[in-house]
Amino acid sequence: MEFNDDVALDTSQVQDMRGSGGGGVGGRVALGGGGVGIVGLIIYFLLSQLGGVPAGSPLSTNDVPSGENVSSSDLAKECRTGKDANTKQDCALVAVINSIQGYWTDTFARSGSTYQQAPTIFFQGGVNTGCGSATSDVGPFYCPADQKAYIDLRFFKELQTRFGAQGGTFAEAYVIAHEYGHHVQNLLGTSDRVRRGSGPTSDGVKLELQADCYAGVWANHATTVPTSSGKPLIKSISQDDVNRALDVAARIGDDFIQENLGGGQVDESQFTHGSSKQRERWFTAGLNTGDPAQCDTFSARDLG
């Protein structure tokens, strides 16, 4: 994935709290209702299956790191243009967030609606949110109560070391785009109509697969989303980039997690995010069509 060197980045869309000393170690973020990120419930399930957290209990982590000496002002100095995004992970994610929100702003405007921008919060260890306090164990998540996405960037290393993912900038972009898919669902009222429950055809799975599809839709348009200068931030996305994103989608499928990182048995009744095949299918559907209307998982007869 390559960014255009001379395009300006907008760091105002990111709040960097890694230098704030955490902000919450209780791990009581409200799980459910579309507010959980791409692997939040999966990691929760994984930890409970491995004996780390009793099912139904809030996540918690002892000795939460106090964070690095980083602030939003430092991020603004560090991440100025696409050139910075090509060399620094933090800046690459700023560029991705700019592009994603640029796409949805234009898409909402074409339908006669107004997209409300949502900041992403970089944190380390723990954070307080409108949905409660959470630790990094929850994984990336979107909180509908305060309309913000949250991520401890060390999670991307976890994807490689714990899940065996190949990683890469576009794979990380897929994760971020999924979270903004939840923001779109919140703005459209989709999340409010979701009934609680688990299973391969549950509303929760449909919500997650739709967010995967929305991520693919953005990816389809990523190299053409203009900035205020008229030039896109993202210069190119290769087939290798796409393969790496699909690799992540496969490794965070419920069946892969249960079989490889859980008890070894697949229990579809506990599915909360969809199988590996489903996640790959719906991200690909969005990527191939570039049309949000093709992401109606709630009306689909076959989720894959």
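Owing to the predicted nature of the structure, the values given are computational and were not obtained by experimental measurement.

Peer 1: Explanation requested: the overall build of the chain in the structure shown.
Peer 2: A tally of helices and strands in the chain yields 10 helices and 8 strands. Counting all 304 residues of the chain, 53% fall into the buried class. Taking as baseline every contact in the chain between residues at least 6 positions apart, the subset at least 24 positions apart corresponds to 76%. Accessible area of the chain: about 12400 Å², with a carbon and sulfur share of 45%.

Peer 1: Would you mind going over helix H10 (residues 276-289) with me for this structure?
Peer 2: One turn of an α-helix holds 3.6 residues; hence residues three or four places apart share an orientation. For H10, spanning 14 residues, the distance from its first C-alpha to its last is 20 Å, which sits close to the expected 20 Å at 1.5 Å a residue. For H10, the complete set of buried residues consists of Ser 276, Gln 278, Arg 279, Trp 282, Phe 283, Gly 286 and Leu 287. With its phi angle positive at about 65 degrees, Gly 290 sits one or two positions after the end of H10.

Peer 1: Mind showing me how you'd approach the nonpolar core here?
Peer 2: The tendency in soluble globular proteins is for nonpolar side chains to be buried side by side. Core analysis: the largest hydrophobic core is formed by 63 residues, its most contacted members being Leu 159, Trp 218 and Phe 283. Of all the secondary structure elements, the ones that give two or more residues to this core are helix H4 (89-110), helix H5 (155-161), helix H6 (169-188), helix H7 (203-221), helix H8 (239-251) and H10. The greatest single-element share of this core, amounting to 11 residues, is contributed by H4. What Leu 159 contacts, discounting residues up to four positions off in sequence, is Gly 164, Ala 165, Val 175, Val 248 and Ile 252. Counting 9 residues, the second largest nonpolar core, distinct from the first, contains Val 127, Val 138, Phe 141 and Tyr 150.

Peer 1: Can you help me understand the pattern of salt bridges in this one?
Peer 2: One side chain can pair with another of opposite charge once the charged atoms of both are near each other. In this structure the tally under the stated criterion is 10 salt bridges. The salt bridge partner of Lys 235 is Glu 2, with a shortest N-O separation of 3.9 Å. Highlighted residues: Lys 235 in strand E8 (residues 234-236) and Glu 2 in strand E1 (residues 2-3), separated in sequence by 233 residues. Among the residues examined, Glu 2 registers a relative accessible area of 35% and is labelled partly exposed. Among the ionic pairs, Arg 162 bridges to Glu 158, the shortest N-O distance being 3.1 Å. Owing to a relative accessible area of 32%, Glu 158 belongs among the partly exposed residues under this scheme. Through salt bridges with shared partners, a single ionic network connects Asp 16, Arg 18 and Asp 90.

Peer 1: What's the story with the state of the cysteines in this structure? I'm lost.
Peer 2: Disulfides are covalent bonds that link the sulfur atoms of two cysteine residues. Inspection of the entire model under this criterion finds 3 disulfides. The partner cysteine of Cys 131 in its disulfide is Cys 143, sulfur to sulfur 2.1 Å. Because the torsion about its S-S bond is 100 degrees, the bridge between Cys 131 and Cys 143 counts as right-handed. Residue Cys 131 is found in the loop between strand E4 (126-129) and strand E5 (132-135), and its partner Cys 143 is found in strand E6 (residues 141-143); the two are separated by 12 residues along the sequence. The exposure classification of Cys 131 matches that of Cys 143, with both residues buried. Cys 213 shares a disulfide with Cys 295; S-S distance 2.0 Å. Classification of the bridge connecting Cys 213 and Cys 295 rests on its S-S torsion, roughly -70 degrees, and on that basis the disulfide is left-handed.

Peer 1: Hey, could you run me through the sheet that holds strand E7 (residues 148-151) in this one?
Peer 2: Strand pairing in a sheet is mediated by backbone hydrogen bonds. Such pairs are either parallel or antiparallel. Taken together, 4 strands build an open sheet; the order of strands is E2-E3-E7-E6 and the sheet is mixed. Single-partner strands in this sheet number two, and they are strand E2 (14-16) and E6. Strand-to-strand twist across the sheet, computed as the mean angle between neighbouring axes with direction ignored, equals 25 degrees. As paired elements, E6 and E7 share 3 bridges and run antiparallel to each other. Bridging across to E7, Cys 143 finds its partner in Lys 148. Where H6 meets the sheet, it contacts strand E3 (120-122), E6 and E7, and its direction lies at approximately 25 degrees from that of E6.

About the criteria used
Residues numbered from 1 in each chain as written. Predicted model: local features only at pLDDT ≥ 70, side-chain atom pairs only at ≥ 80, totals over all residues. Heavy atoms only, no water. Helix = DSSP H or I, 4+ residues; strand = E, 2+ residues; numbered from the N terminus. Buried < 20%, exposed > 50% of the residue type's maximum accessible area, 1.4 Å probe, protein only. Contact = heavy atoms within 4.5 Å. Areas by Shrake-Rupley, 256 points an atom, 1.4 Å probe, with all protein chains shown as cover. Expected span 1.5 Å × (residues − 1). Core = buried A, V, L, I, M, F, W, Y, C linked by side-chain atoms within 4.5 Å. Salt bridge = Lys/Arg side-chain N within 4 Å of Asp/Glu carboxyl O. Disulfide = S-S within 2.5 Å. Pairing = 2+ DSSP bridges. Axes fitted to C-alpha atoms, helices over the stretch in contact; angles between N-to-C directions.

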